[in-house]
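Each chain, written out:
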Amino acid sequence: MTNNTFSRRELVRVGAGAAAAGIALGVAPSVLAAANDVAPRKKPLVIGHRGCSALRPEHTLASYAKAIQQGADFVEPDLVSTKDGALIARHENNIAETTNVADHPEFADRRTTKVIDGESLTGWFTEDFTLAEIKTLRAVERLGAMRPESKSYDGQFQLLTLEEIADFVAAESFARGRTIGLIPEIKHPTYFSSIGLPQEQRFLDRVALSHYLSTAPVIVQSFEVANLKWLRPRIGAYTKLQLLQLTVPMDMSPPDVTAAGGKLTYNQMHTPAGLAEMKTYADWVSPVLQGIISFGDATGKSGPLGKPSRLVRDARAAGLLVSTWTVRPENRFLPTDFQGPGGDDARQDKACIELMRRYIAAGVDSFFTDDPGLGRVAVDGMV
């Protein structure tokens, strides 16, 4: 069944939600003869997903600092816009679940319902706040019941601009004597453009003004296609800046394709022809975990880890690097044969490391993880 309606909640459910920790997303049944057929050419990069979001509130200095201390090669700031055009790090422009905005009576009247990428959402939205107002808020843990250590930091850290993150990462890089990359995701680009807040040129302006952003490794991510194509001819001056296409193996269209009345789906993008086209504007393809190795069934019920799909092989043939998202240590996010005792919220660190190694064996060049410390063990322990 083809579904051209892009749902952010559906993507979160597929990539992160408990119900879909193992969903087998319609991946072609062809499998590699053996994982060694696509052995990685070098040690894969460990990407701190929103920092170290398993242990600290996401997109805070605490989260980025922990990820860097653990040895992350890259840290990820998701970028959304404020009313006055600042680019700040939040996973979504709806900040109801990740800030204490509900505790601010002066902002009570800004709670509203909006349609974002075809989905109706109620909450408080960054585009309705100036940066000065955003700075009065503090971050809270989105998954507090599952991650009590992170929740213990609720209310302690402010929301950050891209410039603040870049300066912090630069300082950490120089202090530690190793390069730390940034992998920002431009969130909801079609939506923000539709309300007069396009993000791409403002992102490039900030790269131009930042010594670190313009010289360190930076990989720009998007679930959309048009903004990456727009960026491609404009990044030539930045030799370490690359572009990454995020995908899910589903008959679902990117938001910009849907908005333009197109029919291209992510599944079509995963074909050899689709990957060859992707290579004309992107350096990386990054499907959700189940696009590389499926686990579970189409109803969202978790299941055992399967065999690698041919996506890594086909992407290699097209000249693309391959990443995947997101490895998390709690039972609810693991294949059933990697789960352990303690209930859905219990961590299984050894099993998580082994799962990462299965994806490394499948040939990925990088992977996103909520706990980069486990990722570092997985990579550095490679034989």
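## Considerations on the pairing of strand β15 (residues 366-369)
Here's step 1: Side chains Ser366 and Phe368 of β15 all project onto a buried face; the interleaved residues Phe367 and Thr369 project onto the opposite face, where all are buried too.
Here's step 2: As defined by bridge partners, strand β1 (residues 45-48) adjoins β15 across 4 bridges and the pair is classed as parallel. Bridging from a neighbouring strand, isoleucine 47 pairs with phenylalanine 368 of β15.

## Topic: the packing of helix α15 (residues 349-361) against helix α16 (residues 372-380)
Here's step 1: Closest axis-to-axis distance for the α15/α16 pair is 9 Å, and the angle between their directions is 55 degrees. Here α15 is positioned oblique relative to α16, judged by the angle of their axes. Regarding α15 and α16, the two cross each other, and that crossing is right-handed. Along the contact surface, α15 presents Asp349, Cys352, Ile353, Met356, Arg357 and Ile360, while α16 presents Leu374, Gly375, Val377, Ala378 and Val379.
Here's step 2: By residue class, the composition of the contact of α15 with α16 is 8 nonpolar, 1 polar and 2 charged.

## What about the confidence of the model for the protein?
Here's step 1: Chain-level statistics for the protein give a pLDDT mean of 90 and a share of 88% at 70 or above.
Here's step 2: Scored below 50 in pLDDT, residues 1-10 makes 35 contacts in the model with residues more than four places away or belonging to other chains.
Here's step 3: Here residues 12-41 is modelled with pLDDT under 50, and outside its nearest four sequence neighbours on either side it reaches 80 contacts, counting other chains as well.

## Remarks on the pairing of strand β3 (residues 78-81)
Here's step 1: Residues Asp78 and Val80 of β3 are buried on one face, and the alternating residues Leu79 and Ser81, pointing to the opposite face, are buried as well.
Here's step 2: The pairing of β3 with strand β4 (residues 87-89) spans 3 bridges and is classified as antiparallel. Bridging across to β4, valine 80 finds its partner in isoleucine 88.
Here's step 3: In textbook terms, the turn of a hairpin is the stretch between consecutive antiparallel strands, and for β3 and β4 this stretch comprises 5 residues, one of which, glycine 85, has a positive phi near 85 degrees.

What counts as what
- Think of each chain on its own: its residues are numbered from 1, step by step along the sequence as written.
- Totals for whole chains, interfaces and linings use all residues, but because this is a predicted model, local features are given only for residues with pLDDT of at least 70 and pairs of side-chain atoms are given and counted only at 80 or more.
- No hydrogens and no water enter the side-chain calculation; it runs on all heavy atoms of the structure.
- Partly exposed residues are those whose accessible area sits between 20% and 50% of the maximum for their type, while under 20% is buried and over 50% is exposed, using a 1.4 Å probe and protein chains only.
- Numbering of helices and strands runs from the N terminus; a helix is a DSSP stretch of H or I covering at least four residues, while a strand is a stretch of E covering at least two.
- Whether two strands pair comes down to DSSP finding at least two bridges between them.
- Between N-to-C directions, angles cover 0 to 180 degrees, with each direction set by a line fitted to C-alpha atoms, over the stretch in contact for helices.
- For classification purposes, angles smaller than 35 degrees are called roughly parallel, those larger than 145 roughly antiparallel, those between 65 and 115 roughly perpendicular, and all remaining angles oblique.
- Two helices crossing with the near one rotated counterclockwise from the far one by less than a right angle form a left-handed crossing, whereas a clockwise rotation gives a right-handed crossing.
- Here, two residues are considered to be in contact whenever any of their heavy atoms come within 4.5 Å of each other.
- The nonpolar class holds Ala, Val, Leu, Ile, Met, Phe, Trp, Tyr, Cys and Pro. Asp, Glu, Lys and Arg form the charged class, and all remaining residues, Gly among them, are polar.
- Values of pLDDT, ranging from 0 to 100, describe the predictor's confidence in every residue of the model.

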